[in-house]
Amino acid sequence: MSKEEQTELRSVMDSVMSLCKRRGFVYAGSEIYGGLANTWDYGPYGAQLKRNILNLWWKTFIEDRDDMLGLDSAILMNPRVWEASGHVANFADPLMDCKSCNERVRGDKLLEEHLKTTIAGLSNDEIYNKVMDEKIPCPKCKKLNWTQPRAFNLMFKTYQGVLEDTAAQIYLRPETAQGIFVNFKNILDSMRVRLPFGVGQYGKSFRNEITPGNFIFRTREFEQMEIEYFVRPEQAESVFKQWVEDSMNFFTALGIKKDKMRVRNHGKEELSHYSTMTVDIEYEFPFGWGELQGIAYRGSFDLDQHTKFSGEKLQYRDPETNEVFVPHTVEPAWGLTRTVLTVLVDAFEEEALEDGETRNVMHFDPKIAPVQVAVFPLQKQQSEKAEALYKTLKPHFRCEYDESGAIGKRYRRQDEIGTPFCVTYDFQSDEDGAVTVRERDSMKQERVKIEVLAEFLKAKL
RNA sequence: GCAGGUAUCGUAUAGCGGCUAUUAUGCCACCUUGCCAAGGUGGAGAUGCGGGUUCGACUCCCGCUACUUGCUCCA
């Protein structure tokens, strides 16, 4: 990619951010107090868009399927959960600073690069000693002048109870997934399920990322949609492949351009502590490729760990053979807030018009557009009739009524927030009982009878 | 966390150590308007926060905050 192209893409990002603020999609957090780093608030259209994406996900993967169940577990959990999951031990980067030039590196990565092998389970002291034994210098200034590794645990800590003593120290969840494993037994006992089946939930997670950024791409507070799909070990591979396919289909259903997405296999060295097979679904953002979703084959790691730490047997008994075993899991994990960014960036177009003007158009898929139908009177004489029509459509679609300014200006307003259909009640409507429906993408106009209008629009959504 | 860049009405911008801080667009009201940002009149709206230098700071200096580029990473 050339410098010019990068600058161009950078300005796309700026345009999207500016539009988000101007049109009520996303605002900077705590803005009137000078902001708080990396926090963003979703405005009316942004909140609606996020919810629409979430609802489509829930419908696609939970409601419409016989093998899926929904769950909504707590953000605050017993700290032992995170010991079992490995997050207390592994979800921290041992960062070392070079005292000579201030370069900061991950101690474990430094070792791995030097030794050309993967290492795991070393304590900070062990990492430090090993680095000093091997005399691994700073990659930047080539001096051997490291600080002790300091663990920056990515989990947010807080306190339960009014006294800030350590006994009550708990974490904000860094992922929603553990809530599913922890409820595995509850679900088996209450829901009469059979393998293979999955449990899905969405919600906020929190990670003290060292380097957040890129608008709402990487934020310390974010929303995920996660599924744990439980299978017999021998089913895992085919189920895994099926999830990759289903996931891509979901993104396509959101209207995201296929040629901007790719599936990327994780190499051995980047697999996380729990996974033996992982793929990412990535999108090409203006700032580069970024992960939208990870699909990880976790084996029986989580259920085994929680069995070990809790003492509860997390197993499955086959009702026909009476065979007892620990199911394996395939975990598709989406970033919801990231998906919102993707949809915003992907839908954005600065369209050049014939007269040299431009119009900003958000080409949201009609299913997830914050506003689906806008209703106008051609002029204020038709206000009353148009408003009455708006009220009949409102229960069936996400609707907006606008009578302010010239008709062309109202079209443009709706283009900018991605409304796919505009309906205009005009001078003829009284006589022919019809209205003009204008489509955002084609800018085509069509005359539609009012009595079939709702049906007509529904067919297009 | 380190190194660089940036910070002026909602958005995009101009400018200056000193007069009422520029322009465009958007927004609000009224008039006008027979389908793609028409026109007229009026209106509201900004120097991120704190300190210093100075008779006087939006402008110069320092600190903070936020955004951003690179290192990092992963939903």
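Throughout, residues of each chain are indexed from 1 in the direction in which the sequence is written. Each chain takes a letter, starting from A, and each ligand takes a number, starting from 1, following the order in which they are written. Reporting of local features is limited, given that this is a predicted model, to residues whose pLDDT is at least 70; pairs of side-chain atoms are given and counted only at 80 or more, and all residues count toward the totals for whole chains, interfaces and linings. Values reported for side chains reflect all heavy atoms of the structure, with hydrogen atoms and water molecules removed beforehand.

A. Spatial organisation of the layout of surface pockets. Of the voids in this model, the second largest pocket is the one considered here, and its volume is about 300 Å³. As for the second largest pocket, its lining consists of 18 residues, and the residues nearest its centre are Asn-38, Thr-39, Trp-40, Thr-219 and Glu-221. Each helix corresponds to a stretch of at least 4 residues labelled H or I by DSSP, and each strand to a stretch of at least 2 residues labelled E; elements are numbered beginning at the N terminus. Where the lining of the second largest pocket is concerned, the elements lending two or more residues are strand E2 (40–42) and strand E10 (221–231). Polar here means any residue other than Ala, Val, Leu, Ile, Met, Phe, Trp, Tyr, Cys and Pro, which are nonpolar, and Asp, Glu, Lys and Arg, which are charged; Gly is therefore polar. The residue makeup of the lining of the second largest pocket, split by class, is seven nonpolar, five polar and six charged. The way it works is a 1 Å grid over only the protein atoms, where trapped points that fit a 1.4 Å probe form a cavity and open points with protein on both sides within 12 Å along at least five of seven lines form a pocket, and then any residue with an atom within 4 Å of a point lines it. Grid points are joined across faces, edges and corners, and a volume is the space filled by probe spheres set on the points.

B. Just the pairing of strand E19 (residues 373–377), in detail. Here the term buried applies to any residue with accessible area under 20% of the maximum for its type, exposed to any over 50%, and partly exposed to those in between, with areas from a 1.4 Å probe on protein chains only. With respect to burial, E19 is a largely interior element, five of its five residues being buried. Of the two faces of E19, the one carrying Val-373, Val-375 and Pro-377 and the one carrying Ala-374 and Phe-376 are both buried. At least two bridges found by DSSP between two strands is the condition for calling them paired. In this sheet, strand E20 (residues 399–401) lies alongside E19 in parallel orientation, the contact comprising three bridges. Across the sheet, residue Val-373 finds its bridge partner in E20, namely Cys-399. The handedness of the E19 to E20 crossover, carried by helix H12 (residues 383–393), is right-handed. Orient the strands so they point away from the viewer, and a crossover whose first-strand-to-second-strand path over the helix runs clockwise is right-handed.

C. Focus on the packing of helix H2 (residues 44–63) against helix H9 (residues 236–253). Axes here refer to lines fitted to C-alpha atoms; in helices the fit is confined to the stretch in contact. Angles between the N-to-C directions go from 0 to 180 degrees. Running from N to C, H2 and H9 point in directions that differ by 140°, and their axes come no closer than 11 Å. The orientation of H2 relative to H9 falls into the category oblique. Considering the relative orientation of H2 and H9, their crossing is right-handed. Residue-level contacts link Ile-53, Leu-56, Trp-57, Thr-60 and Phe-61 of H2 to Trp-243, Asp-246, Phe-250 and Ala-253 of H9. Residue composition of the contact of H2 with H9, by class: seven nonpolar, one polar and one charged. Reported orientations rely on four angle classes, namely roughly parallel under 35 degrees, roughly antiparallel over 145, roughly perpendicular from 65 to 115, and oblique for the rest. What makes a crossing left-handed is the near helix being turned counterclockwise from the far one by less than a right angle; a clockwise turn instead makes it right-handed. The criterion used for residue contact is that any of the two residues' heavy atoms lie within 4.5 Å.

D. The pattern of salt bridges, seen in detail. The rule for a salt bridge is simple: a side-chain nitrogen of Lys or Arg has to be within 4 Å of a carboxyl oxygen of Asp or Glu. Taken as a whole and assessed by the stated rule, the structure comprises 31 salt bridges. For Glu-331, the salt bridge is made with Arg-298, and the minimal N-O distance between the two is 2.6 Å. Remark: Arg-298 occurs in strand E13 (residues 288–299) and Glu-331 occurs in strand E16 (residues 328–335); sequence separation between them is 33 residues. Taken as a pair, Glu-331 and Arg-298 share a single burial class, namely buried.

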